[in-house]
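Topology and contacts: notes
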Amino acid sequence: MKHSRQGLMLLLLAATLASQPAVAQNRAKNKNKTIVDTPVYKQASRPIEERVADLLSRMTIEEKIAQLRCPLGLEMYTKTSDKSVEVSQKFKDIMSKAPIGSFWAVLRADPWTQKTLETGLYPELAAKAINALQKYAVEKTRLGIPILFAEETSHGHMAIGTTVYPTGLSCASTWNADLMHSMGDAMGREVRSQGSNVGYGPVLDVAREPRWSRMEEGFGEDPWLTSVLGPAIVQGMQGEASDGQHVFSTLKHLAAYGVPMGGHNGNTVQVGERTLRSELLLPFEKAVKAGAATVMTSYNTVEGVPCTSNRKLLTDMLRGEWGFKGFTYSDLYSIETIASNGAAHDNSEGAALALKAGLDMDIGGDAFGNNLKTELEKGGISNADLDRAVANVFTLKFSQGLFENPYVNPKTAKQVCRSAEHRAIAEKVAEEGTVLLKNDGVLPLQKNLKRIAVIGPNADTPYNQLGDYTAPQAREAIVNVLDGVKAAVDKQTEVVYAKGCAVRDTTSADIPAAVSAAESADAVVLVVGAAHCSRKRCYKEDGQAARCGIYPGQNTPDEPGNRQGGRSAYGVVSRRTGR
């Protein structure tokens, strides 16, 4: 019995040892099979160039064209409660036709989008919304290609619950590149924490036409200052591309956008090669060489050639001379303006000209979406043109690690957005960017004055003080001029307010009341300036125009002709000294 047991044990041991090589071989075979079965584009260890080529090889023409589209994203989600959100049927319908490569302004909130503090998304819910959209793209589409979500970030993320920074002119007045880097870093972190990947900004347009209605967005008329501050913001926003905490920066607007004829936004530009290169393009060159990942074209023409279809600009100069490695966006519907500027017979030819010139992504999405397949079939563009543009977009998607890490933690968004640290940066920018033009001994005002008159339409309109590209803000989050004066004076000082007139509306002016308030005061704080006009029907109570144009048809807030932000100027007059 003993020998029988020993024999049985030896037999089992021999069988086990004999099977081990076969087991190891099967494991290796299964492992190799797993690697082989995983598409190259989904293998994080493979070079980006190989992943891009593999993904392109698997795509239909329709899928490639869809990756070059960047439609407006406002209606891509449905807010079901203050704590829940889901993808909209419209999003599902769009993605079912051919998965879209990018959406812009999913989280944008302002009067134009009609997203308010009640209907918009606060950061935590915003992150859930982007996650839901991204999850659908990754799990419910054939190739599972993640989406690039782009947001407006000219002076803070234009969304509910984020930090608002001073506008470009105020930033320029700081002369502080390190501070601009900190601001860019904070903006990038807020946008990425909510799931978005691209920030539209900074605005590098050198503004030499004082009648131009977008003066406040950039850093003013000095190309050298712009070429120092702009790259600092870019590097702050972008950080390390794959760190999961920053976004790709989009330079706006290439090229010569700040010198339109007659000051009309988007109008033609006539400028010599020397001035164009050494002054108007200098900030873009510096920012590209600092690593800017994306560039947006402008609406205007330069010497008759639309910037959106200018190969010399988008390919020869941008990529050939400056070494740009990212991809290019159109501005909203700027491809459609190629035909309206007389450079193409129709939008189909305009789309072909833009793609062949070096444009990669169509904001709005209709020009590429409706026309590129037809242009390919009739020879207006080639497969190489199409693949080049898609490859440029995919390269950034892979470099940001979106295929491996497409989602964000919503709780992080709640912690990062409008944090105490970021608000402190905004306050520092405001302090360093404030300019005292003249002081004849009036300032500082004495705290014990008997009466101070605060006058002007922008003294008590919080939204107008924040500048263009600003989301609605909770009233308690804003201290306007009237609030500040009341808080600074003694309790015995009487502060009276007279609006006087509106910024544009002439039907409600009360100049006599303003004169009376001034005459009875020891000092006058006068607040004037512009207002952001952003809907066909604007807010009369904020001193804005009763009517504005809306695109398509006439002008939208993002199109030629209707750009006025909340710029304010302050004047202080002492009744005692007459100064």
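Figured I'd write up the structure that's included with this text. (Residues numbered from 1 in each chain as written. Predicted model: local features only at pLDDT ≥ 70, side-chain atom pairs only at ≥ 80, totals over all residues. Heavy atoms only, no water.)

What to know about the overall build of the protein chain
Counted only if it meets this: Helix numbers and strand numbers start at the N terminus; a helix is a DSSP run of H or I with at least 4 residues, a strand a run of E with at least 2. The method behind every accessible area is Shrake-Rupley, applied with a 1.4 Å probe, and residues are considered shielded solely by the protein chains displayed.
Helices and strands together make up the secondary structure of the protein chain, namely 20 helices and 16 strands. Roughly 25,500 Å² of accessible area belongs to the protein chain as shown, and the carbon and sulfur atoms make up 52% of that amount.

Section: the pattern of salt bridges
Any two side chains of opposite charge can pair if their charged atoms end up close together. Inclusion rule: Every case where a carboxyl oxygen of Asp or Glu lies within 4 Å of a side-chain nitrogen of Lys or Arg is listed as a salt bridge. To sort residues, take the accessible area from a 1.4 Å probe on protein chains only and compare it with the maximum for the residue type: under 20% means buried, over 50% means exposed, and anything in between is partly exposed.
Tallied over the full model, the rule gives 29 salt bridges. Lys 373 is the salt-bridge partner of Glu 62, the closest N and O atoms lying 2.4 Å from each other. Of this pair, Glu 62 sits in helix 3 (residues 61-66) while Lys 373 sits in helix 14 (residues 366-378); the two residues are 311 residues apart in sequence, bridging distant segments of the chain. Exposure remark for Lys 373: the relative accessible area of 36% places this residue in the partly exposed category. Arg 69 is the partner of Asp 366 in a salt bridge, and the nearest nitrogen-oxygen pair spans 3.9 Å. Taken together, the residues Asp 366 in helix 14 and Arg 69 in strand 1 (residues 69-70) connect sequence positions 297 residues apart. Connected through salt bridges with shared partners, the residues Arg 108, Asp 110, Glu 152 and Lys 252 form a single ionic network.

A word on the environment of Trp 104
Along the chain, the position of Trp 104 falls in strand 4 (residues 102-104). Taking relative accessible area as the criterion, Trp 104 reaches 2% and is therefore assigned buried. The spacing of Trp 104 and Ile 363 is 259 residues in sequence and 7.6 Å in space, taken between C-alpha atoms.

Some thoughts on the side chain of Asp 522
Filter applied, for reference: Each polar contact in these results corresponds to two N or O atoms within 3.5 Å; when the atoms are within protein, one needs to be able to donate a hydrogen and the other to accept it, and residues that are neighboring in sequence are counted only if both atoms are side-chain atoms.
Mapped onto the fold, Asp 522 is located in the loop between helix 20 (511-519) and strand 15 (523-529). Of the polar contacts made by the side chain of Asp 522, one reaches the backbone nitrogen of Lys 450; its length is 3.1 Å.

Considering the environment of Thr 275
Locating Thr 275 in the fold gives a position in helix 9 (residues 273-280). Using a relative accessible area of 30% as the deciding quantity, one classes Thr 275 as partly exposed. Along the sequence, Thr 275 and Ala 256 sit 19 residues apart, while their C-alpha atoms lie 9.8 Å from each other.

Here's the deal with helix 2 (residues 48-57)
As a reminder, the rule being used: Between two residues, a contact is recorded if the distance between any of their heavy atoms is within 4.5 Å.
If you check which residues of helix 2 are buried, you get Arg 51, Val 52, Asp 54, Leu 55 and Leu 56. Elements in contact with the buried residues of helix 2: helix 3 and helix 15 (383-399).

Let's talk about a positive patch on the surface
Note the cut-off: Exposure above 30% relative accessible area and no salt bridge define the residues that can form patches, which grow by joining like charges within 9 Å and nonpolar side chains of Val, Leu, Ile, Met, Phe, Trp and Tyr within 5 Å. Counted as positive: Lys and Arg. Counted as negative: Asp and Glu. His and the chain ends are not counted at all. Where a charge lies is defined by one atom per residue type, namely NZ (Lys), CZ (Arg), CG (Asp) and CD (Glu).
A surface patch of positive charge is lined by Lys 83, Lys 128, Lys 411 and Lys 414. With respect to the element layout, Lys 128 can be found in helix 5 (residues 123-140).

Some thoughts on the environment of Ala 474
As for its position among the elements, Ala 474 is in the loop between helix 18 (462-465) and helix 19 (481-488). Between the C-alpha atom of Ala 474 and that of Pro 462, which follows or precedes it by 12 residues, the distance is 9.7 Å.

As for the side chain of Thr 470
Of note, Thr 470 is situated in the loop between helix 18 and helix 19. Looking at Thr 470, its side chain comes within polar contact range of the side chain of His 155, at 3.3 Å.

A closer look at the pairing of strand 7 (residues 248-254)
Which entries qualify depends on this criterion: Paired strands are those between which DSSP finds at least two bridges.
Across the seven residues that make up strand 7, a large majority, seven, are buried. Here strand 7 pairs with strand 8 (residues 294-297) via three bridges, running parallel. Paired with Thr 250 across the two strands is Thr 294, which belongs to strand 8.

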